Amino acid sequence: MTGAARVRAPGVRAAVARAFWRVSRWELRTERLPRDGAGVLIGAPHTSNWDFVLMLAIAWEGGLTFRWLGKHTLFSGPAGPLMRALGGIPVDRRDPAGLVEDVVARIRAGERFYLVVTPEGSRSGSGWKSGFYRIARATDLPVTLGYVDRTTMTTGLGPTLRLTGDVRADMDEVRAFYADKAGLVPARRTEPRLRDEAGPATDAAPSA
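Chains are numbered independently. Their residues run from 1 in the order of the written sequence. Owing to the predicted nature of the model, reporting of local features is limited to residues with pLDDT of at least 70; listing and counting of side-chain atom pairs is limited to 80 or more, with chain, interface and lining totals taken over all residues. Neither water nor hydrogens contribute to the side-chain values; these are computed over all heavy atoms in the structure.

### Topic: the overall build of the chain
Moving on, step 1. By definition, any uninterrupted DSSP run of H or I lasting at least four residues is a helix, any uninterrupted run of E lasting at least two residues is a strand, and each is numbered from the N terminus. Each helix and strand counted, the chain has 7 helices and 7 strands in total.
Moving on, step 2. Mapped from its N terminus to its C terminus, the chain presents α and β elements in the order α-α-β-β-α-β-α-β-α-β-α-β-β-α.
Moving on, step 3. For the chain, the exposed surface amounts to about 10400 Å²; the carbon and sulfur share of it is 53%. Only the protein chains shown count as cover for residues, with accessible areas throughout obtained via the Shrake-Rupley method and a probe of 1.4 Å.

Structure, rendered in structure tokens:
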């Protein structure tokens, strides 16, 4: 069995996750999602690369099949096969056109997975990118609010929303959930706000 195959084995992933939560300073407080389901999982506030470890531990503990978006440079060299085995989809930020359409096509073709998206990126900025919104609306997938909260040292999956197309109203719900959440580096937290909440979300691609 190859290393990639071992990573994919559900029993191995569950065992690793259980061991992680036993020794971690973080407490897992999470809502349950269907293991054979599909949806968009928001990862926020995303302020540190350590969020990736928490994401793996949350998904593996829940037995979820998931994919995530990462910088294309993460998939070059020896680490490439491992990143793909962990569910990664490379994103070339120099050429983001078509990324949302590619993900939508995968889902419409029948792939069943939860897509993990970090709309704010890993640095503070002026708001969130709207690729997650476009994907969820185009596929009619629910959006689950994953979180990291350093103030309580808790992490997990929060409520699941059905986006209505009323961007401002939908984002008001998102903001209400994340209002009291702080990431590993609170100073890097970005307010959950799309660039144009007066109309349809139009950004070309979600952040990775």
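Still to come is the rest of the account.
### Comments concerning helix α6 (residues 131-139)
Quick reminder: α-helices carry 3.6 residues per turn. Residues three or four places apart thus point the same way.
Moving on, step 1. By the burial criterion, the buried members of α6 are Gly 131, Phe 132, Tyr 133, Ile 135, Ala 136 and Thr 139.
Moving on, step 2. In what follows, residue pairs with any heavy atoms lying within 4.5 Å of each other are defined as contacts. Packing partners of the buried residues in α6 comprise β2 (39-44), α5 (99-108), β5 (114-117), β6 (143-149) and α7 (167-178).
Moving on, step 3. Residue Asp 140 follows α6 closely and has a positive phi angle near 60 degrees. Burial classes: relative accessible area under 20% of the type maximum marks a residue as buried, over 50% as exposed, and values in between as partly exposed (1.4 Å probe, protein chains only).

### Thoughts on unusual backbone geometry
Moving on, step 1. Going from Ala 44 to Pro 45, the amide bond is cis rather than trans, its omega being -15 degrees.
Moving on, step 2. Non-glycine residue Asp 140 carries a positive phi angle of around 60 degrees.
Moving on, step 3. Relative to the helices and strands, Asp 140 resides in the loop between α6 and β6.
Moving on, step 4. Even without glycine at this site, Met 153 takes up a positive phi of about 55 degrees.
Moving on, step 5. Structurally, Met 153 is set in the loop between β6 and β7 (154-161).

### A closer look at the pattern of salt bridges
Moving on, step 1. Salt bridge, as used here, is a side-chain nitrogen of Lys or Arg placed within 4 Å of a carboxyl oxygen of Asp or Glu. This structure, assessed with the given rule, holds 11 salt bridges.
Moving on, step 2. Across the pair Arg 29 and Glu 27 runs a salt bridge, and its minimum N-O distance is 3.3 Å.
Moving on, step 3. Assessed through its relative accessible area of 45%, Arg 29 is described here as partly exposed.
Moving on, step 4. On the basis of relative accessible area, Glu 27 is assigned to the partly exposed category, the value being 39%.

### A short note on the environment of Val 117
Moving on, step 1. Mapped onto the elements, Val 117 comes out in strand β5.
Moving on, step 2. For the pair Val 117 and Phe 132, spaced 15 residues apart in sequence, the C-alpha separation works out to 6.6 Å.

### Brief notes about the confidence of the model for the chain
Moving on, step 1. Per residue, pLDDT captures the predictor's confidence, and it can take any value from 0 to 100. Per-residue confidence for the chain gives a mean pLDDT of 85; residues scoring 70 or more make up 85%.
Moving on, step 2. Contacts for the low-pLDDT stretch residues 1-8, under 50 throughout, to residues beyond four places or in other chains number 10 contacts.

### A word on helix α3 (residues 51-61)
Moving on, step 1. Counting buried positions over the 11 residues of α3 gives 8, a clear majority of the element.
Moving on, step 2. Among all positions in α3, only Asp 51, Leu 54, Met 55, Leu 56, Ala 57, Ile 58, Ala 59 and Trp 60 are buried.

### Observations concerning the side chain of Thr 155
Moving on, step 1. If you trace the backbone, Thr 155 turns up in strand β7.
Moving on, step 2. Within the structure, Thr 155 has its side chain in polar contact with the backbone oxygen of Tyr 147 (distance 2.7 Å).
Moving on, step 3. Sequence-distant contacts of Thr 155, defined by excluding residues within four places in its chain, comprise Trp 21, Trp 26, Glu 27, Leu 28, Arg 29, Leu 54, Ile 58, Tyr 147 and Val 148. N or O atoms closer than or at 3.5 Å make up a polar contact, with two conditions inside protein: a donor-capable atom paired with an acceptor-capable one, and, for residues adjacent in sequence, both atoms drawn from side chains.

### What about the side chain of Thr 144?
Moving on, step 1. By the secondary structure assignment, Thr 144 is in strand β6.
Moving on, step 2. Residue Thr 144 is classed as buried on the basis of its relative accessible area of 2%.
Moving on, step 3. Polar side-chain contacts of Thr 144 include one of 2.7 Å to the side chain of Thr 160.
Moving on, step 4. In this structure Thr 144 touches Leu 33, Val 40, Leu 41, Ile 42, Leu 157, Gly 158, Pro 159 and Thr 160, once residues within four positions along its chain are discounted.

### Comments concerning the nonpolar core
Moving on, step 1. Working definition of a nonpolar core: buried Ala, Val, Leu, Ile, Met, Phe, Trp, Tyr and Cys residues. They are joined through side-chain atoms within 4.5 Å. Grouped together as the largest cluster of nonpolar side chains are 32 residues, with contacts concentrated most on Ile 42, Trp 128, Phe 132 and Tyr 178.
Moving on, step 2. Put simply, the parts of the chain that give this core at least two residues each are β2, β4 (88-91), α5, β5, α6, β6 and α7.
Moving on, step 3. Excluding residues that lie within four positions of it along the chain, Ile 42 makes contacts with Val 117, Pro 119, Trp 128, Phe 132, Val 143, Thr 144, Leu 145, Gly 146 and Tyr 178.
Moving on, step 4. Membership of the second largest hydrophobic core comes to 23 residues, among which are Ala 17, Leu 64, Met 83 and Val 116.

### Notes on the packing of aromatic side chains
Moving on, step 1. Classification of ring pairs uses Phe, Tyr and Trp, with its six-membered ring standing for Trp, and accepts pairs whose centres are within 6.5 Å; under 30 degrees between planes counts as stacked, over 60 as edge-to-face, and the remaining range as tilted. Evaluation of the coordinates by the stated rule reveals 8 aromatic pairs.
Moving on, step 2. An aromatic cluster of three or more residues is present, and its members are Trp 128, Phe 132, Tyr 133, Tyr 147, Phe 177 and Tyr 178.
Moving on, step 3. Its end group placed over the ring of Phe 113, Arg 67 keeps NZ or CZ at 5.9 Å from the ring centre.
Moving on, step 4. Charge-over-ring placement is defined geometrically: NZ (Lys) or CZ (Arg) within 6 Å of the ring centre, and within 35 degrees of the ring normal. The lysine or arginine in question, Lys 181, covers the ring of Phe 177, its NZ or CZ lying 4.0 Å from the ring centre.

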